[in-house]
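Examination of the molecular architecture
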Amino acid sequence: MTIAFAVNRLIQTGLIALSMGLLGGCASGSKAPLPAELGPNPALLGVRTAWTSQIGKVDFPLNVVTTDTAVTLAGSDGVITSLDARTGAVLWHINVGARIAAGVGSDGHYAAVVTRDNQLVTIEGSHELWRSRLPSQVFTAPLVAGERVFVLGADRVVSAYDARTGKKLWSNQRPGEALVLRQAGVLLPVKNTLVVGLTGRLVGLNPLNGNVMWDAPVATPRGTNDIERLVDLVAGVSREAEVVCVRAFQAAVGCVNTERGNVIWKHSASGAVGLGGDDKQVYGVEGDGKLMAWRLIDGEAVWTSDRLRYRQLSAPLVLGRSVVVGDGTGLLHFVSRIDGTPLTRVSTDGSSIAAAPVVAGTTLVAVTHNGGVFGFQPE
C-alpha cells in the first residue's frame, strides 16, 4: 500500500490526516492474526437487554453524551437523536442537513456537531441555533461547557464560540507535526481548565481567553519520517479528581496532575484507543488486543490479559466490578477489574462497536457501526 493511497490532504492547513486502519495496513501486508477463541460464556454476571433503538450508520469518531436520564448521539447521515436512558424512547431528534464528521458534544442543554463540509452546528433542544464555517476539518467532538463551544481542529487550532450566539471568542494555535490522526483527540474540562491534547502533549488552557496555563509532555515525537513521529493523544481518558490519564497513539500512556501541570508517570505502550479508570487503576487496550491495568498512583503494571487478543477492542469502561470493552463482532466483554478474568459477554447486532460503551443512569449503552443502539441493565 502506498503512502499516497493511505492519506488525505487537508487543503486548508497543509496537514495530512491518517486513518488508523490505513496506517495499520501500511505497516504490514501480511494477513491479520485470527481473533482469540472465546470459549463458553462464563455468565458470572447477570446482564439483560433493556431496550434497543436504531440510528443511521456510524462511520465517524462518534462521541456518545449521557446524563442520568438521556443518551444523545448521531448517525453519519446528519440526524442527532436524544433517547430516554431508561426506555430507549426518542425524546427529540434533528437533521442538520449534512453528513457528520465529529460529534456529539453536549452539556445537557446545548449540543454541537461538525459536518463534513466543516460547519460547526449548535442546537438547543431540537432547534438549530447557529452554524459557522471552520477553517479546517475536525475529528474531535466539540466540547460544550460554561456557555461556550470549544473546537479542536485538525490544524491543531483550539477555538471557543459563544454557545448562544455563535460569536467567536478566541483561538489558540500551536505548532505540531505534519500528520494528524483521523480519529478523535482529547478535549475536556477539568474544574476551571480546558484540557487539550496537542500532538503528544496535554495542555491546559484558560477557557476564558485561550492562554496556555501549563504544558505536560506525555510522548515525544521520534523517528526519521512523519509517520514514525506521529504521537497524537487519542480520545478516551481516565479522570480521577485532578489527575487525567491519556494515551498517545502507539507510543505511551501517562497521567498528568492538571492542577500543577506536571506528568506523574508515563510508560511506553502501543495502543490506539483511549483509556478507562477508577480510583486505583487505569485500564487500556494494546494494539494487539491485550487488556492491561496500571496502578493509578505510579503506573506500575497490575495485570495483563491475552484472552481478547486481535478482537478489535474499543476503549474500556469501568462499571461496578467490571471493565467493559466492545469488539469488532459487536460483542461486549465484561472482565474483572481485579485480574482481567472474563465475567460475561453480551451481543448486539454483529457489527463492530462504534464507540466506547457509556453509562446513562443505571443503563449501559453500546452503539454499533450499523447504527444499533443497545441499552443493557446489569443485574
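Let me sum up the structure you'll find in this document. It should be emphasised that the depicted structure is a prediction, and the values quoted were computed from it without experimental measurement.

**Section: the pattern of salt bridges**
- Per the stated rule, a full pass over the model turns up 16 salt bridges.
- A salt bridge links E124 to R164; its shortest N-O distance comes to 3.0 Å. Linking E124 in strand 10 (residues 119-124) with R164 in the loop between strand 14 (157-162) and strand 15 (168-173), this pair joins segments that are 40 residues apart in sequence.
- Here R174 and D215 are joined by a salt bridge, their closest N and O atoms 2.5 Å apart. Separated by 41 residues along the polypeptide, R174 in the loop between strand 15 and strand 16 (179-181) and D215 in strand 20 (residues 212-217) bring together distant segments of the chain.

**Here's the deal with the nonpolar core**
- Core analysis: the largest hydrophobic core is formed by 28 residues, its most contacted members being V64, L73, I80, V367 and V373.
- Those elements that place two or more of their residues in this core are strand 5 (70-74), strand 6 (79-84), strand 8 (100-106), strand 9 (110-115), strand 10, strand 33 (358-360) and strand 34 (363-367).
- The biggest single contributor to this core is strand 5, with three residues.
- In this structure, V64 is in contact with V71, T72, L73, A355, V358 and V367, ignoring residues within four places of it in sequence.
- Among the nonpolar cores identified, the runner-up in size contains 16 residues, and V186, L202, V231 and A248 belong to it.

**Thoughts on the pairing of strand 19 (residues 201-205)**
- Most of strand 19 is tucked away: four of the five residues are buried.
- Summarising the sheet, strand 18 (residues 193-198) and strand 19 pair through five bridges and their orientation is antiparallel. Bridged to V196 within strand 19 is V203.
- Counting the residues that bridge the hairpin from strand 18 to strand 19 gives two residues, and of these T199 lies at a positive phi of roughly 50 degrees.
- Bridging between strand 19 and strand 20 involves five bridges; their strand directions are antiparallel.

**Re the state of the cysteines**
- The full count for this structure, using the stated rule, is one disulfide.
- Here C245 is linked by a disulfide to C255, with a sulfur-sulfur distance of 1.9 Å. Judged by the torsion about the S-S bond (105 degrees), the C245/C255 disulfide is right-handed. Of this pair, C245 sits in strand 22 (residues 243-248) while C255 sits in strand 23 (residues 252-257), and the two are 10 residues apart along the sequence. In terms of burial, C245 and C255 fall into one category: buried.

How each quantity is defined
- Residues numbered from 1 in each chain as written.
- Predicted model: local features only at pLDDT ≥ 70, side-chain atom pairs only at ≥ 80, totals over all residues.
- Heavy atoms only, no water.
- Salt bridge = Lys/Arg side-chain N within 4 Å of Asp/Glu carboxyl O.
- Helix = DSSP H or I, 4+ residues; strand = E, 2+ residues; numbered from the N terminus.
- Core = buried A, V, L, I, M, F, W, Y, C linked by side-chain atoms within 4.5 Å.
- Buried < 20%, exposed > 50% of the residue type's maximum accessible area, 1.4 Å probe, protein only.
- Contact = heavy atoms within 4.5 Å.
- Pairing = 2+ DSSP bridges.
- Disulfide = S-S within 2.5 Å.

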